[in-house]
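Notes for the structure review
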Amino acid sequence: GRMLANRYELLETIGQGGMAIVYKAMDTLLNRTVAVKILKQEFNENEQFIKKFRRESQAAASLSHNNIVNVFDVGVEDNIHFIVMEYVEGDTLKDYIRKKGKLNWKEAVYIAKQIAFALDHAHKNNIIHRDIKPHNIMINEETIPKVTDFGIARAITSSTITLVEETMGSVHYISPEQARGGFVDERSDLYSLGIVMYEMLTGRVPFDGDNSISVAIKHIQEEIEFLEDDLDDIPESLEDIVLKLIRKNPKERYENAKELVKDLIAVQSGEKIAGRETKKPG
Ligand code: ATP
Ligand code: MG
Ligand code: MG
């Protein structure tokens, strides 16, 4: 395959997003497999995209956590902007859910907890991810979730977003405040994680529509509910956790990822599973 920076041999395409193409590659210096994310050619002349791409690598590189894809290197060669990162063998959470239809609640809680660990770490380092969605979570072969794509991540202090940036994220997981183009903080990531949990538990996203504007408006205006059938196999305390994450008003959500982790651990240990009897199907 072609060599990049005299070091990375591009082997095959493994993924593609709005902004970039991701290759499996060999780091010939350290003799290990890596993933190389390359900014699509059409964005090469666009300063805003290059900035965004660079910000992504900086945000991710400042973090070091078992549930966050590690960034090793960045560079530009012959007008090709690239990020070198840990190669994750496995599926995105999107495909993982699709293959199973939906996840049983224990697995959903296990995955949510690891994502919450990742968010807690990012937030403590003043980084908001802002594009938490199943496509941006890799599940490796040991079923360890790894958050990737800090593409529109931002330092917490400068977090009013522009419309251009907004259209980059997936509107299905967008918080109401983000949909409005307003001030966004770490609780916006928690909302998105709530939508991801909803999808893991039900196999579907709460809102769909013909266009992204209509979906965004639903996140602002419409209440999200589980269906009766969804709740057959979900403890009431877990339903409460998801509903708390997806409150329209950020002040009514969890204050931070740590608080969420506490409740997820309680659900796992059965502590808070009280109240509702788990209904038997049929
Ligand atoms: P988006 O449109 O979500 O912003 P993007 O262009 O920023 O996407 P990524 O989400 O970073 O690109 O990557 C695109 C795809 O490449 C992912 O959905 C995943 O399938 C694959 N991928 C990304 N990073 C890795 C990695 N470290 N190891 C293996 N596969 C990866
Ligand atoms: Mg992505
Ligand atoms: Mg991205």
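Residues numbered from 1 in each chain as written. Chains lettered and ligands numbered in written order. Predicted model: local features only at pLDDT ≥ 70, side-chain atom pairs only at ≥ 80, totals over all residues. Heavy atoms only, no water.

**Things to note about the coordination of the magnesium ion (ligand 3)**
Keep this limit in mind: Listed donor atoms are N, O and S within 2.8 Å of the metal (Na, K and Ca: 3.2 Å). As water is not included, a site may look incomplete. Each helix is a run of H or I in the DSSP string that is no shorter than four residues. Each strand is a run of E no shorter than two, and both are numbered from the N terminus.
For the magnesium ion (ligand 3), every protein donor is listed as Asp149 (OD) and Asp149 (OD), and the spread of their distances is 2.3 to 2.5 Å. For the pair the magnesium ion (ligand 3) and the magnesium ion (ligand 2), the metal-to-metal distance amounts to 4.0 Å, and Asp149 bridges them. Mapped onto the elements, Asp149 comes out in the loop between β10 (145–147) and β11 (154–155).

**Re the site of ligand 1**
Filter applied, for reference: Definition of nearness: a residue and a molecule or strand are near each other if at least one heavy atom of the residue lies within 4 Å of the molecule or strand. Contacts described as polar in this section are N or O atom pairs within 3.5 Å, which, within protein, must combine one atom able to donate a hydrogen with one able to accept it, while residues neighboring in sequence count only if both atoms come from side chains. Any residue that is not Ala, Val, Leu, Ile, Met, Phe, Trp, Tyr, Cys, Pro, Asp, Glu, Lys or Arg is counted as polar, Gly included; the first ten are nonpolar and the last four charged.
Residues in close proximity to ligand 1 total 22 residues, the closest being Gly18, Lys37, Glu86, Val88 and Asp149. Glu86 has a polar backbone atom sitting 2.8 Å from a nitrogen atom of ligand 1. Side-chain polar atom of Lys133 to an oxygen atom of ligand 1: 3.3 Å apart, as the coordinates give it. With 3 residues, the top contributor of residues to the shell around ligand 1 is strand β2 (residues 8–16). For the shell around ligand 1, a count of residues per class yields 10 nonpolar, 8 polar and 4 charged.

**Considering the pairing of strand β3 (residues 20–27)**
Note the following rule: In this analysis, strands are considered paired if DSSP registers two or more bridges between them.
Here β2 runs beside β3; their pairing, made up of 7 bridges, is antiparallel. Paired with Leu10 across the bridge in β3 is Ala25. The turn joining β2 and β3, which pair antiparallel and follow one another in sequence, is formed by 3 residues. Relative to strand β4 (residues 32–39), β3 is paired through 8 bridges, and the arrangement is antiparallel. The residue bridging Val22 from the neighbouring strand is Lys37, located in β4. Counting the residues between successive antiparallel strands, the hairpin from β3 to β4 contains 4 residues, one of them, Asn31, with a positive phi of roughly 55°.

**Comments concerning the pattern of salt bridges**
In plain terms, the rule: Salt bridge, as applied in this entry: a Lys or Arg side-chain nitrogen positioned within 4 Å of an Asp or Glu carboxyl oxygen. Accessible area is worked out with a 1.4 Å probe on protein chains only. A residue is then buried under 20% of its type maximum, exposed over 50%, and partly exposed in between.
For the structure shown, the criterion picks out 15 salt bridges. Of the charged contacts in the structure, one is a salt bridge between Asp185 and Arg187, with a shortest N-O distance of 2.8 Å. With its nearest N and O atoms 2.6 Å apart, the salt bridge here joins Glu252 to Arg247. Of the residues examined, Arg247 reaches a relative accessible area of 39% and is grouped as partly exposed. Among the charged side chains, a network of salt bridges with common partners joins Asp120, Lys124 and Lys258.

**Notes on the sheet that holds β10**
What counts here: Each axis is a line fitted through C-alpha atoms, and for a helix only the stretch in contact is used; angles between axes span 0 to 180 degrees, taken between their N-to-C directions.
If you trace the 3 strands from one edge of the open sheet to the other, you get β7-β9-β10, paired in antiparallel fashion. At either margin of the open sheet sits one strand with a lone partner, and together these are β7 (90–92) and β10. Looking at each pair of strands side by side, their axes are set apart by 30° on average, direction ignored. Note that β7 and strand β9 (residues 137–140) share 3 bridges and pair antiparallel. Within β9, the position partnered with Gly90 by the bridge is Asn140.

**Details of the side chain of Lys40**
We apply this condition: The contact definition used throughout considers only heavy atoms, calling two residues in contact when any of these lie within 4.5 Å.
Take Lys40: it is sitting in the loop between β4 and α1 (47–61). Other than its neighbours up to four places away in sequence, Lys40 contacts Gln16, Gly17, Gly18, Met19, Ala20 and Ile21.

**Comments concerning the sheet that holds β4**
Here we have 6 strands laid out as an open sheet, ordered β1-β2-β3-β4-β6-β5, and antiparallel in their pairing. Only two strands of the sheet have a single neighbouring strand rather than two, namely β1 (3–4) and β5 (71–77). Of the pairings in the sheet, the one linking β1 to β2 comprises 2 bridges and is antiparallel in character. Within the sheet, the bridge partner assigned to Met3 lies in β2 and is Glu9. Here α1 sits on the sheet in contact with β3, β4, β5 and β6 (80–86), set at roughly 20° to β6.

**A few points about the packing of aromatic side chains**
To keep things clear, this is the line we draw: Each pair of aromatic rings taken from Phe, Tyr and Trp, with Trp reduced to its six-membered ring, is defined by centres within 6.5 Å and is described as stacked if the planes are under 30 degrees apart, edge-to-face if over 60, and tilted in the remaining cases.
One pass over the structure, following the stated rule, counts 3 aromatic pairs. Note on Tyr8 and Phe82: the rings are 6.2 Å apart at their centroids and 65° apart in plane angle, and the pair reads as edge-to-face. With Tyr8 in strand β2 and Phe82 in strand β6, the pair connects residues that are 74 residues apart, well separated along the chain. Its relative accessible area of 2% is what places Tyr8 among the buried residues.

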